[in-house]
Number of protein chains: 4
Amino acid sequence: MSSIKIFGIIGGDKRQIFLAESLLRDGYGVILAGFDKLKGQGFNNLSDVRAAALFSDAVILPLPCVRSDKSLNAPFASQNIYFSDDELDALCKKPVFAGMRERLLRVYPKLENAEVYDYAARDDFAILNALPTAEGAVEIAMREYEGTIFGSRSLVTGFGRIGKVLARMLKSLGSDVTVSARRQSDFAYINTLGCRAVNTETMNLARGYELIFNTVPSLIFDEKLLENTDRTALLIDLASLPGGVDFESARKLGIDAYSAPGLPGKCSPKSAGEIIKKTVFSIIEEVNR
Amino acid sequence: MSSIKIFGIIGGDKRQIFLAESLLRDGYGVILAGFDKLKGQGFNNLSDVRAAALFSDAVILPLPCVRSDKSLNAPFASQNIYFSDDELDALCKKPVFAGMRERLLRVYPKLENAEVYDYAARDDFAILNALPTAEGAVEIAMREYEGTIFGSRSLVTGFGRIGKVLARMLKSLGSDVTVSARRQSDFAYINTLGCRAVNTETMNLARGYELIFNTVPSLIFDEKLLENTDRTALLIDLASLPGGVDFESARKLGIDAYSAPGLPGKCSPKSAGEIIKKTVFSIIEEVNR
Amino acid sequence: MSSIKIFGIIGGDKRQIFLAESLLRDGYGVILAGFDKLKGQGFNNLSDVRAAALFSDAVILPLPCVRSDKSLNAPFASQNIYFSDDELDALCKKPVFAGMRERLLRVYPKLENAEVYDYAARDDFAILNALPTAEGAVEIAMREYEGTIFGSRSLVTGFGRIGKVLARMLKSLGSDVTVSARRQSDFAYINTLGCRAVNTETMNLARGYELIFNTVPSLIFDEKLLENTDRTALLIDLASLPGGVDFESARKLGIDAYSAPGLPGKCSPKSAGEIIKKTVFSIIEEVNR
Amino acid sequence: MSSIKIFGIIGGDKRQIFLAESLLRDGYGVILAGFDKLKGQGFNNLSDVRAAALFSDAVILPLPCVRSDKSLNAPFASQNIYFSDDELDALCKKPVFAGMRERLLRVYPKLENAEVYDYAARDDFAILNALPTAEGAVEIAMREYEGTIFGSRSLVTGFGRIGKVLARMLKSLGSDVTVSARRQSDFAYINTLGCRAVNTETMNLARGYELIFNTVPSLIFDEKLLENTDRTALLIDLASLPGGVDFESARKLGIDAYSAPGLPGKCSPKSAGEIIKKTVFSIIEEVNR
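Residues numbered from 1 in each chain as written. Chains lettered and ligands numbered in written order. Predicted model: local features only at pLDDT ≥ 70, side-chain atom pairs only at ≥ 80, totals over all residues. Heavy atoms only, no water.

Focus on the overall build of chain A
Then, number 1: Assigned secondary structure in chain A consists of 11 helices and 12 strands.
Then, number 2: Within the span of chain A, comprising 289 residues, buried residues form 57% of the whole.
Then, number 3: For chain A, the share of sequence-separated contacts (at least 6 apart) that also reach a separation of at least 24 residues comes to 56%.
Then, number 4: Counting every atom, chain A has about 12,000 Å² of accessible surface; 49% of that belongs to carbon and sulfur.
Then, number 5: The positive charge centre, built from 35 side chains, and the negative charge centre, built from 36, are 2 Å apart in chain A. (Helix = DSSP H or I, 4+ residues; strand = E, 2+ residues; numbered from the N terminus. Buried < 20%, exposed > 50% of the residue type's maximum accessible area, 1.4 Å probe, protein only. Contact = heavy atoms within 4.5 Å. Areas by Shrake-Rupley, 256 points an atom, 1.4 Å probe, with all protein chains shown as cover. Lys, Arg positive; Asp, Glu negative; His and termini not counted. Charge placed at Lys NZ, Arg CZ, Asp CG, Glu CD.)

Regarding the confidence of the model for chain A
Then, number 1: In this model, chain A carries a mean pLDDT of 95, and residues with pLDDT of at least 70 account for 99%.
Then, number 2: Predicted complex metrics record ipTM = 0.93 and pTM = 0.95. (pLDDT = per-residue confidence, 0-100.)

Details of the interface of chain B and chain A
Then, number 1: Taken together, the contact between chain B and chain A spans 24 residues of the former and 24 residues of the latter.
Then, number 2: Between chain B and chain A, roughly 2,100 Å² of surface is buried when both sides are summed, and carbon and sulfur atoms account for 55% of that area.
Then, number 3: It is Glu135, Met142 and Glu146 of chain B in chain B that bury the most area against chain A; as a group they hold 32% of the surface buried on that side.
Then, number 4: At the surface where chain B touches chain A, the tally comes to 2 salt bridges.
Then, number 5: Here Lys14 of chain B makes a salt bridge to Glu146 of chain A, at a shortest N to O gap of 2.5 Å.
Then, number 6: Here chain B and chain A share 12 residue pairs in polar contact (both at pLDDT 80 or more) between them.
Then, number 7: Mapped by element, the contributors of at least two residues to the side of chain B that touches chain A are helix 1 (14–25), helix 5 (123–144), helix 6 (161–172) and helix 11 (269–288) of chain B. (Buried area = accessible area lost by both parts, 1.4 Å probe. Salt bridge = Lys/Arg side-chain N within 4 Å of Asp/Glu carboxyl O. Polar contact = N/O pair within 3.5 Å; in protein donor to acceptor, adjacent residues only side chain to side chain.)

Looking at the packing of helix 7 (residues 184–192) of chain A against helix 5 (residues 123–144) of chain C
Helix-helix packing is described using two parameters, namely the angle between the two axes and the distance between the axes.
Then, number 1: As a packed pair, helix 7 of chain A and helix 5 of chain C sit with axes 8 Å apart at the nearest point and diverge in direction by 10 degrees. As summarised for this structure, helix 7 of chain A and helix 5 of chain C are arranged roughly parallel, according to the angle between their axes. Residues Gln184, Ser185, Ala188, Tyr189, Asn191 and Thr192 of chain A of helix 7 of chain A lie in contact with helix 5 of chain C, whose contacting residues are Asp123, Asp124, Ile127, Leu128 and Leu131 of chain C.
Then, number 2: Along the lines of polarity and charge, the residues of the contact of helix 7 of chain A with helix 5 of chain C split into 5 nonpolar, 4 polar and 2 charged. (Axes fitted to C-alpha atoms, helices over the stretch in contact; angles between N-to-C directions. Parallel < 35°, antiparallel > 145°, perpendicular 65-115°, else oblique. Nonpolar A, V, L, I, M, F, W, Y, C, P; charged D, E, K, R; others polar.)

A short note on the relation of the copies chain B and chain A
The two chain copies are connected by a rotation around an axis plus a translation along it.
Then, number 1: The two copies are related by a screw motion: chain B maps onto chain A through a turn of 180 degrees and a shift of 0.0 Å along the axis, at an RMSD of 0.0 Å. Taken together, the rotation and translation describe the operation of a two-fold axis. The position closest to the rotation axis in chain B is occupied by the C-alpha of Glu139 of chain B, lying 2.8 Å away.
Then, number 2: A share of 100% of interface residues in chain B that are also interface residues in chain A marks the association as one of identical surfaces. (Least-squares fit on C-alpha atoms with pLDDT ≥ 70 in both.)

Examining the pairing of strand 12 (residues 256–259) of chain A
Residue and element names in this part refer to chain A.
Then, number 1: With 4 bridges joining them, strand 11 (residues 234–237) and strand 12 adopt parallel strand pairing. In the sheet register, Leu234 faces strand 12, and the bridge partner there is Asp256.
Then, number 2: What joins strand 11 to strand 12 is helix 9 (residues 247–253), and the crossover it makes is right-handed. (Pairing = 2+ DSSP bridges. Right-handed = clockwise from strand over helix to strand, strands pointing away.)

A short note on the environment of Val107 of chain B
Residue and element names in this part refer to chain B.
Then, number 1: One can find Val107 in helix 4 (residues 101–107).
Then, number 2: On a C-alpha basis, the gap between Val107 and Ala260 in space is 28 Å, while along the polypeptide they are 153 residues apart.
Then, number 3: Contact partners of Val107, with chain neighbours within four places excluded, come to Val66 and Lys70.

Regarding the interface of chain B and chain C
Then, number 1: Across the boundary between the two partners, chain B contributes 4 residues, which contact 4 residues of chain C.
Then, number 2: Summing the contributions of chain B and of chain C, the shared interface buries around 220 Å²; its carbon and sulfur component is 73%.
Then, number 3: Across the contact surface, chain B and chain C share 0 salt bridges.
Then, number 4: Counting across the interface, chain B meets chain C through 0 residue pairs in polar contact (both at pLDDT 80 or more).
Then, number 5: For the side of chain B that touches chain C, the per-class residue count stands at 1 nonpolar, 3 polar and no charged.

Notes on the packing of aromatic side chains
Then, number 1: Applying the stated rule across the entire model yields 28 aromatic pairs over all chains.
Then, number 2: Taken together, the aromatic side chains of Phe7, Tyr28 and Phe281 of chain A make up a single cluster linked through ring pairs. (Phe/Tyr/Trp six-rings, centres within 6.5 Å; stacked < 30°, edge-to-face > 60°.)

So, the sheet that holds strand 9 (residues 196–199) of chain A
Residue and element names in this part refer to chain A.
Then, number 1: An order of 9-8-7-10-11-12 is seen for the 6 strands of this open sheet, with the pairing classed as parallel. A single partner strand is all that each edge strand has here, and the edge strands are strand 9 and strand 12. Across the sheet, the axes of successive neighbouring strands diverge by a mean angle of 20 degrees, strand direction being ignored.
Then, number 2: Bridge count between strand 8 (residues 176–181) and strand 9: 4 bridges; the pairing is parallel. Bridge assignment links Ser180 to a residue of strand 9, and that residue is Val198.
Then, number 3: Sitting on the sheet, helix 5 (residues 123–144) is in contact with strand 10 (211–214), strand 11 and strand 12, with an inclination near 155 degrees to strand 11.
Then, number 4: Contacts from helix 7 reach strand 8 and strand 9, with the element oriented near 160 degrees to strand 9.

Digging into the environment of Asp186 of chain C
Residues and elements named next belong to chain C.
Then, number 1: When you line up the elements, Asp186 lands in helix 7 (residues 184–192).
Then, number 2: Judged by relative accessible area, which is 9%, Asp186 ranks as buried.
Then, number 3: Sequence separation of Asp186 and Asn199 is 13 residues, and the distance between their C-alpha atoms is 9.9 Å.
Then, number 4: Look past the residues within four positions of Asp186 in its chain and what remains in contact with it is Phe159 and Ala181.

What about the environment of Gly147 of chain D?
Then, number 1: Its place among the elements puts Gly147 of chain D in the loop between helix 5 (123–144) and strand 7 (153–157).
Then, number 2: When its relative accessible area of 5% is taken as the criterion, Gly147 of chain D is described as buried.
Then, number 3: Put simply, Gly147 of chain D and Glu210 of chain D are 63 residues apart on the chain and 9.0 Å apart in space, counted from C-alpha to C-alpha.
Then, number 4: If sequence neighbours within four positions are ignored, Gly147 of chain D has contacts with Cys267, Ser268, Lys270 and Ser271 of chain C.

Topic: the relation of the copies chain B and chain C
Then, number 1: Once chain B has been moved 0.0 Å along the axis and rotated by 180 degrees, it coincides with chain C to within an RMSD of 0.0 Å.
Then, number 2: By residue overlap, the copies meet face to face through one surface: 100% of the interface positions of chain B are interface positions in chain C.

Looking at the state of the cysteines
Then, number 1: For the coordinates displayed, the defined rule picks out 0 disulfides over all chains.
Then, number 2: No disulfide involves Cys65 of chain C; its sulfur sits 14 Å from that of Cys92 of chain C, the nearest cysteine.
Then, number 3: In this structure Cys267 of chain C is a free cysteine whose sulfur lies 16 Å from that of Cys267 of chain D, the closest cysteine sulfur available. (Disulfide = S-S within 2.5 Å.)

Side note on the pattern of salt bridges
Residues and elements named next belong to chain D.
Then, number 1: All told, the structure shown has 69 salt bridges over all chains when counted by the stated rule.
Then, number 2: We note a salt bridge from Lys277 to Glu274, for which the minimum N-O separation is 3.9 Å. Here Lys277 and its partner Glu274 are both found in helix 11 (residues 269–288), 3 residues apart, which amounts to about one turn of the helix.
Then, number 3: Look at Lys277 and you get buried, because its relative accessible area is 12%.

Thoughts on the side chain of Asn199 of chain B
Residues and elements named next belong to chain B.
Then, number 1: Topologically, Asn199 is positioned in strand 9 (residues 196–199).
Then, number 2: Assessed through its relative accessible area of 15%, Asn199 is described here as buried.
Then, number 3: Of note is the side chain of Asn199, whose polar atom sits 2.9 Å from the backbone nitrogen of Glu201.
Then, number 4: In this structure, Asn199 is in contact with Ala181, Arg182 and Phe187, ignoring residues within four places of it in sequence.

What follows is the structure, encoded as C-alpha cells:
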C-alpha cells in the first residue's frame, strides 16, 4: 500500500476538508468529491465522485460513511450521492478508508471483499478523539455555567477514554473532580490523578456538583438519580446516542441538561481531520509492515 | 465597621445577584434595589433604592457604579436611577463599596467625605478577576478556533495579572505558549512556566501562532504588526477599551479578531460576584484591623 | 468478615508499622509481632507471634510474606520466625492478608484451604503503588542528575501502571517526555498526555535523553541498545528483578545506571503502609458484599 | 561588548565547569583557571589565572566571587588565588562578570572603575534560580519524608520568587498546598494557583502540615511558632543564611529541620551554570543595545 500518491476524499464535513488540506501540505495529491457547495470559495481540487474513485490510489470516506437513507454522508454536496457500479468497481481495486465500515457494506455488499478499513473502529482513533471531545465538553461548561471551572465541583461518570482525558483536563483547570467508575483498579487510577472516586453502580445521588459530565453510554441519569441531583447542576451528556440521560425528566425537574455527542467534528473539525489522517496512516503502516 | 448585618445592594447586573445570594447564604440580610425587572422570578428581597440606602448597614454599588449619563448602572431597573438628597445623606453615614469610586464622586460630590471604598481599584480584585478573564478567553478560543487548544501554538502579549494566569492555563491545556513581555525578570518568570518569551518592544512579527491573546492596554496589534501576523490566526483582545488591536486593519487583512473586554461579568457572573464579596470583606477586615 | 476489631500484624518493615499506626488511628486494635528490635522506642502493642495469631480477628503478613529461607520476612525481629502448628491452626480460622500468597502456601501447605488473600496480586494495589514508585524514581533522578528535571529530555520505557504515572509526573515537572510502548492505542494515550511516543519494539537507539527510566520487566537495555544510548544519560531501572538493564554493559560503557526495585517500601513506607491498608479494606468490602 | 570570542573563567565550583562546557558548545573559546585539581580528568582548557585574565575578551568570576579570607572562591584550585597587579590591570580593560560585585570591590578597590557586572544581583538570575532551588527542596522532601508528596499537606512560607515556583511545583505533584504571605494581592495570586493562603504576620501556629518549606529570610520559625508546629512535620529552610528557623529550638522540640541554602549550586550545578551563562548574555545584550 506504500505507493499511495493521490487520495480521493469523497463526502464528509469540515473534518474532511481539513484532512485534505493536511494531506496537500504533506505533498500528496487530493481529489475532493461531494463538496460542490464550496465551489467559488477558494477550493481547488473539487471534482466529481467518478474522478475521485477512479483516479486516486486510495479513497477516504467520511464518518459515518453513509446516512440512514443509504446516500453518502456528504453535507457539502448539493445532491445525494450513491456509488455507481463502475465507481464501486474502482473502489474494489484500492484501499478504502471509511468510518463505520459495516454500514457501508450493508448498502454496498459488493465491497465485502474489497480492502475496506474502518478507521473509526480503532482504539487509537477513539483515544485521540477523547481530547477534542473533552475540550468540547469544557467549552460547553464554560459557556453554560455562570461560574468558573476553577473552584467548581464536578462529576465525571465513566472512566473510559473520554472520562480519563476529561477528568485530567478539569483537574488541571482547578476543578475539584469526582469520577465514577466500576472497578477497584479504576478507583486506584482515579486516585492517582488526585480525583475522588465513587462507584457508578451504587451511586444513587449526585449532590454537591455544579458540573456533571456523563460519558457512559447507558441510562445512568434516569429519573431516580436525577431526583437526587442538584437542580442547579449543569448536566452534559457526552455519550453517543441514545446517551445516558433521561432528558425529559431533567426538563421536568428543572435541571439544565445538554446532549453533546460527536463533539470533535463539531467543535474541532481541524483536529478531528488530523486524527483521521493520523489513523489512516497508522493503518497503512501496519498493513505494510 | 464590624457590625454590618444588612447589606443594601443597589444596581448592577447578574454579578450583584450572585453576590446577594452568597451574602444571604452567609447569614447576612440583603436589600436589593434596582432589580425590579426580575419581579416575579422568585426573587425576594427586592425593594426600592430608598429602603436599600436607609435600612442597610452598608451599601454595595455596581462596577462601574454610574453610566456616562450619570444614572446608576442598573440594567435590571425599569427606570434610570439617581440618588435623591436624603438617599445621599443616608449613604454618607455608612460604608459604601463601589466600583470606580471617582466616577461616583464626579456625579455626587457630596459623597467626597463619605466612607466610599473602591473595590475595583484594588490589586487583589484585579488578580482574582484574572481567573474568570482567562477562562472566558479560553472559552472564546475553544468556540472560534477549529482545532483544539491542545497542540496549538499560542501567543499571549503582556505578562501582567491576566497574562500570568492565561499563560499557565493555556500551558496546562497542552498549548505551546509564547508570552511577550518587556522586562528580563518577566522573561525569566515566563521561562519557569515552561513558556517561550519574546520581547514586546522588538516584536515585529507574530507568525506561526494559531491563537493570539492580547492583554496589553495599548495599540500592540497595529496595522504593521497585523501585516506580519498569520491570516489564519485567531486574535482575541482582552485589554480594556479602547484595547490593543486595530480591528479595522484586522478586518481588511482577513484576520479574525475579537474584542473581549469585561469577561468576568459576562462569562462568569457567579465567580465575579463572589470576587466582589471577597474583596468587600478584605476591605472590611483591613479597616477593622 | 465485617466484625474485625483487632488486627494481628506479624512481620514486615516500616510499611507495617505505618499500617499499624493508621489502623490504630482508625480505632482498630492492633497486635504487633516480629518487631522486638523496636522495643523501648515508644512502641506499644509489641507482642509475640502466638498472641498476634491467636487473639486477633484477622492477620496481616508482609510483602513478600516469606523469605527464600522460608522464615517470615521480618527485618525488625531479632530471630527468624516460623509459624508453629497451633499458630497455623489459628491462622486457618481467620482471614489472612499476605503479599505473595503462593510463597506462603509453598512453605505452609496447611494454609491451602485457609482464607488467605493476596493484597499484592491485585491490580488496584499495583496502581496505587505506581505513585510512590514514580516519586522514588524522580527522587533518584533529582539526586543523581546534575541538571533540573525541568527542561530535561527524558525517556520512559513502558506504558504500564508505573509508566503512566511517571510520564505524567515528569511532564508536570517540565521535562520533555518521550514514552516507549508497543500498541497504537498506547501511542494515542501517550499523545493525549502531551508526550512523544516511540515503539519499544523497533527502538534501536536512545539518543538525546538526559534521563531514562525503564519500567519494562524484560531486557530492554541490552548491550546493543546501550551502545546506542548517550554516555551522559542517567539510567534508572524500576522493573522488578532481574530488571530490564544489562548493568555490566552499562558499567563498561560508562553509563550511570541504577537498579531501583521496590521503591514504595524504601522511599515512602508511610504511603506504602496506607496502600496496604486501603487494599485490605477493599478486599474486606468485596468479600462482605 | 559584542566582540567577545574568548571567555576567561577564573575560580568557582561545578557550576563554572558546566558553564564552560556550555560556552564551548556554543563555539566560544574558554580559558579555565583555578581548576588544577581536575588535571588529568579529561579537561582541556585548564590554564593559569594570568593567562585567563590576559588572553580573554571577558572574564567570569564565581558566586560568591571572593571568600571571607579575601581569596578567590575556587574550591578546585590547589592553592589560594589572589589577583596580582598586572592581572588586575588586565581585568580593568575588559568586562568582568562576577557574583556579589561589592565583595570583590572591597578586596580589590582598583576594580572600582572597571566594567564589573554583578550577575547575581539581577532579578532574572534570582528568578531562574528559583527553579533548581524548588527542585532541590522537593528532592530533600522526597528523601526525608516517609510519605509521598502526593497527598501530603504542605506549607510554604513566603511568596517571593522561590515561594511562587515551589508552591506551583508542590501543587502539580499533588500536594495540598498552603502559602503564607503578607499582602492581599499575594493572597489573591495564591488563590489563583489553587492553594490556600494564610497571613505570615498573624500566623501563630503551623499545625496539620507534614511538610514545611520556609523561604522568608527572617526568623519566622522562632521558638514560639515551633512550639505550635507538629512534632512530626519536616521543616526545610531555603532562606539564605542565617535563615528563618531557630534550629536549636527545633532540635529540642524534636522537629526534623534542615538548613538548605544555595541549592542550585549543590543539587543542579548544570542548570545553575546554564543560568549564569544566560544571565551573562542578557547583560551583554542590554549593554550592547
